[in-house]
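Chain residues, written in single-letter form:
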Amino acid sequence: MGGARTQHMTPRHWAVLATCVFCTFGCAAVAFSVPGLCYRPVSQYLGVDVFQVSFYMTIVYLAEVVLSPVMGKVLHRFDMRVVCTAAAVATSGGFMAMSFYTELWQWYVSGVLIGFGEITLLWLMVASLLNRWFKKRLGLVLGLTYAMTGVGGAVLNLIGQHLLGADLSGWREVYLVLGIVAFALSVPFTVFAIRSHPEDVGLRAYGEALESPAAAGDAVRELPGVPAKRAFRSWYFYALVFAGCMANVGGVFPQHFTTFYQSYVAIDRSTLEAVAALMVMSGTLEAFTMVGMAGGKVLIGALESKSVQLALVVGCVGGFLGLSCIWAGGEAVCLPVLFGGGLLYGLIYPFVTTLLPYVTRLVFGSRDYDQIYSVVLIPVNLVGAFAASGLALLYQHVGWDAFFVAGLASIVVIFAGFTVAYRAGRRVYLERL
C-alpha cells in the first residue's frame, strides 16, 4: 500500500515564497541593512550628533515592540494582502520620504512607519505565510528567505555607496532610489501573489497530507510542547530571552560599521580630511558583512539542525574573529583585513532570525510556540531599540575602542546565554515527554 498523498509544489506556493524573498531583499534590507550609509552625511547636514540621527532606528524597534501583539491579531483577522501591502508601502514610503526631509523630527516619523512595516513584513508575515504554506522544507525556505536581508543589504549597500559619492553628498538619492527599489520589489507581490491560507485557493501546505480538515485539526491539537504559562515560569525561558536580546545587540552593530569607516578609516587622521579614494567605498564594509550574513543564515540553519552547540561555536568564533579583524583592519587601514572581518562577522548576525526561533521550538515544543515566541520578541526588539542609538552614544563619547570591546564582550555573553538556556531547557523538555 502506497504512502499518503501529499500536496505538491504549485505556482501559488512559489508565488508566496517569492513574496517573502523579495520583501526581505527590498524592504527589510533598506530598513535594517543600509541606514548606516546616511547617518554621518545627514548628521552633518542637520548639524547634530550621529546618535540623534540613528535614534530613528530606536523608534523603529520601539514601534515594533508596541505593534507586535496588535499586528499579530490583525494578520489573523484580516486579508494578508491588504495588511502586508500597507506594511510594504509604509516601509518603502517611509524610507523614500527621507530624501525630502529637512528637520530631524521628520526622520522619527519615518521610524514609526518603518517599524509598523517591518514588524508586519519581516517578523510576522514571513513566519506566518511560510508556516501556513509549507510543511515540507519549511526550515529551508525560512533560511532562504531570511538570507535575503543579507543579499539585499550587500547589493543595496554597493548601489548606495555609488549614489552617495566620495563627498557623501548623494544621501538624498540613496533614500529615494533605494526606497523606490523596495517599493517595486514588495507591493506588486503583496497585492497579487499571496493569499492568507492555501485553503483559500483549494490547496494545502506543501508536503501536507491531503486529508480531511477534521483530521488536520486533530493533528494540531496533538502537537507536543510546554504550555505557555509553564514556559513563562521557567528560569531558562529568561536565559533564552537574555541570549536573544544580546544576539539582537550583535545584529545592530553592523548598522554603525559604515560610520566607523567614514569617520575613522577613510580620513587622514592628521588633518581629519576625507580620503576620496577610500570614502568612495564607504558601503563596502557593510556589503561584505551582509554577504557574510546571507551565507551565515544558510550555514547556521544547516548546522543547528545537526547540533545547536556546533552552530553556536561556529557563529560566535566567526563573529569574534570578524569583529577583531574589523577593529584591527580599521586601525591599520588594511582593507583586506577590514572587509574580511565584515564577512566573518556575518556568521553571528543570523542568531536572532535563525537560531533564536529554532532553539525556542526545541526547548518549548510546538504546542504554544507562536504565543511563546511572540513574548520572546518583545524584550528582544526593545533591547535593539536602545542599542541602535546607544552604540552611537558609546563611540561618540567614549571612542571606537569601547565600541569594539563591548561588541566582543557581547559575543561571549551570547554564547554563554544560548548554551545555558538550550541545555537546561532541552533536558527538562525531554524529561516531560
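In what follows, the accompanying structure is described. (Residues numbered from 1 in each chain as written. Predicted model: local features only at pLDDT ≥ 70, side-chain atom pairs only at ≥ 80, totals over all residues. Heavy atoms only, no water.)

**A short note on the overall build of the chain**
Note the cut-off: By the criteria applied, helices consist of DSSP H or I runs no shorter than four residues and strands consist of E runs no shorter than two, each listed in order from the N terminus. Throughout, the radius of gyration refers to the C-alpha atoms, and the reference size of a globule is 2.2 Å times the residue count to the power 0.38. Remark: exposure states derive from per-residue accessible area (1.4 Å probe, protein chains only) relative to the maximum for the residue type, with buried under 20%, exposed over 50%, and partly exposed in between. Here, residues are in contact when the closest pair of their heavy atoms is within 4.5 Å. Here the accessible surface of atoms and residues is derived via Shrake-Rupley with a 1.4 Å probe, and residues count as covered only by protein chains that are part of the display. Charge counting treats Lys and Arg as positive and Asp and Glu as negative, with His and both chain ends excluded. To locate a charge, the coordinates of NZ of Lys, CZ of Arg, CG of Asp or CD of Glu are taken.
Counting its regular elements, the chain contains 19 helices and 2 strands. Taking 433 residues into account, the globule formula puts the C-alpha radius of gyration at 22 Å, and the chain, at 22 Å, falls close to it. A principal-axis box enclosing the C-alpha atoms of the chain has dimensions of 80 × 45 × 35 Å. Put simply, the chain has 433 residues, and 57% of those count as buried. For the chain, the share of sequence-separated contacts (at least 6 apart) that also reach a separation of at least 24 residues comes to 83%. Element-wise, carbon and sulfur atoms account for 68% of the exposed surface of the chain, whose accessible area totals about 17100 Å². Between the mean site of the 26 positive side-chain charges and the mean site of the 22 negative ones, the chain shows a separation of 13 Å.

**Looking at the packing of aromatic side chains**
Under the convention used in this document: Pairing of aromatic side chains here covers Phe, Tyr and the six-membered ring of Trp, requires ring centres within 6.5 Å, and sorts the geometry by plane angle: under 30 degrees stacked, over 60 edge-to-face, intermediate tilted. In this scheme, Lys NZ or Arg CZ marks a charge over a ring once it lies within 6 Å of the ring centre and within 35 degrees of the ring normal.
Counted under the stated rule, the structure contains 28 aromatic pairs. Where Phe253 meets Phe403, the ring centres are 4.7 Å apart and the plane angle is 45°; that geometry is what we call tilted. Remark: Phe403 occurs in helix H19 (residues 400–432) and Phe253 occurs in the loop between helix H11 (235–252) and helix H12 (257–265); sequence separation between them is 150 residues. The exposure class assigned to Phe403 is buried, which follows from its relative accessible area of 0%. The interplanar angle of 90° and the centroid separation of 6.0 Å between the aromatic rings of Phe351 and Phe418 together place this pair among those described as edge-to-face. Of this pair, Phe351 sits in the loop between helix H16 (335–345) and helix H17 (355–364) while Phe418 sits in helix H19; the two residues are 67 residues apart in sequence, bridging distant segments of the chain. Taken together, the ring pairs connect Phe253, Phe260, Tyr264, Trp327, Tyr395, Trp400, Phe403 and Phe404 into an aromatic cluster. The residue whose ring lies beneath Arg172 is Tyr45, and the NZ or CZ to ring-centre distance is 5.0 Å. Directly above the ring of Tyr264 sits Arg269, whose terminal nitrogen or CZ lies 4.0 Å from the centroid.

**A word on the environment of Leu377**
With respect to the secondary-structure elements, Leu377 resides in helix H18 (residues 369–397). Each C-alpha atom of the pair Leu377 and Thr360 lies 11 Å from the other, and the pair is 17 residues apart in sequence.

**Describing the side chain of Gln255**
Defined as follows: As used in this structure description, the phrase polar contact means that two N or O atoms lie within 3.5 Å; if the pair is within protein, one of them must be able to donate a hydrogen and the other to accept it, and residues adjacent in sequence are counted only when both atoms belong to side chains.
With respect to the helices, strands and loops of the structure, Gln255 is situated in the loop between H11 and H12. Since its relative accessible area comes to 0%, Gln255 is described here as buried. For Gln255, the side chain forms a polar contact with the side chain of Tyr61, separated by 3.2 Å. Ignoring anything within four residues of it in the chain, the contact list for Gln255 reads Phe32, Gly36, Tyr39, Met57, Tyr61, Glu286 and Ala388.

**Quick notes on the pattern of salt bridges**
Under the convention used in this document: What counts as a salt bridge is simple: a side-chain nitrogen of Lys or Arg found within 4 Å of a carboxyl oxygen of Asp or Glu.
Taken as a whole and judged by the stated rule, the model has 2 salt bridges. Across the pair Asp79 and Arg81 runs a salt bridge whose closest N-O atoms are separated by 2.9 Å. Accessibility expressed as a relative area gives 27% for Asp79, which makes it partly exposed. Among the residues examined, Arg81 registers a relative accessible area of 27% and is labelled partly exposed. Taking the shortest distance from any N to any O, the salt bridge between Glu208 and Arg204 comes out at 3.6 Å. Each member of the pair, Glu208 as well as Arg204, carries the same accessibility label: buried.

**Details of the nonpolar core**
Inclusion rule: In plain words, nonpolar cores are sets of buried Ala, Val, Leu, Ile, Met, Phe, Trp, Tyr and Cys residues tied together by side-chain atoms within 4.5 Å.
Core analysis: the largest hydrophobic core is formed by 133 residues, its most contacted members being Trp107, Met125, Leu130, Leu338, Phe351, Phe364 and Phe418. In terms of residue count, the dominant contributor to this core is helix H5 (residues 104–133) (13 residues).

**Re the packing of helix H4 (residues 80–97) against H5**
Convention followed: Note on geometry: axes are C-alpha line fits, over the in-contact stretch for helices, and angles between N-to-C directions span 0 to 180 degrees. With respect to orientation, any angle under 35 degrees is reported as roughly parallel, any angle over 145 as roughly antiparallel, any angle of 65 to 115 as roughly perpendicular, and every other angle as oblique. Crossing handedness follows the turn of the near helix against the far one: under a right angle anticlockwise gives a left-handed crossing, and clockwise gives a right-handed one. The nonpolar class holds Ala, Val, Leu, Ile, Met, Phe, Trp, Tyr, Cys and Pro. Asp, Glu, Lys and Arg form the charged class, and all remaining residues, Gly among them, are polar.
Direction vectors running N to C along H4 and H5 enclose 140°, while the axes themselves pass 8 Å from each other. Between H4 and H5, the angle falls in the class oblique. Here H4 and H5 pass one another in a crossing that is left-handed. Residue-level inspection shows Met80, Val83, Cys84, Ala86, Ala87, Ala88, Ala90, Thr91, Gly94, Phe95 and Ala97 of H4 in contact with H5, the latter providing Ser110, Leu113, Ile114, Phe116, Gly117, Glu118, Thr120, Leu121, Met125, Ser128, Leu129 and Arg132. Per-class residue counts for the contact of H4 with H5 are 15 nonpolar, 6 polar and 2 charged.

**Digging into H16**
Heads up, the rule is: The arc in question is the one spanned by the directions pointing from the helix axis to the C-beta atoms.
Of all the residues in H16, the buried ones are Leu335, Leu338, Phe339, Gly341, Gly342 and Tyr345. Summarising the axial view, the buried residues of H16 lie within an arc of 150°, below the 170-degree limit, and thus occupy one face.

**Observations regarding empty space enclosed by the protein**
Definition in use: Grid points spaced at 1 Å over the protein atoms alone were grouped into cavities, where a 1.4 Å probe fits but cannot get out, and pockets, open sets with protein on both sides within 12 Å along at least five of seven lines, with lining residues defined by an atom within 4 Å of a point. Grid points are joined across faces, edges and corners, and a volume is the space filled by probe spheres set on the points.
A full pass over the atoms with the stated rule returns 1 cavity of 30 Å³ or more. Space inside the largest cavity adds up to approximately 240 Å³. In terms of lining, the largest cavity is formed by 17 residues, of which the most central are Phe32, Leu122, Asn248, Tyr349 and Thr353. When residues of the lining of the largest cavity are traced back to their parent elements, those giving at least two are helix H1 (11–32), H5, helix H6 (138–164), H11 and helix H14 (284–304). Residue composition of the lining of the largest cavity, grouped by class: 10 nonpolar, 6 polar and 1 charged.

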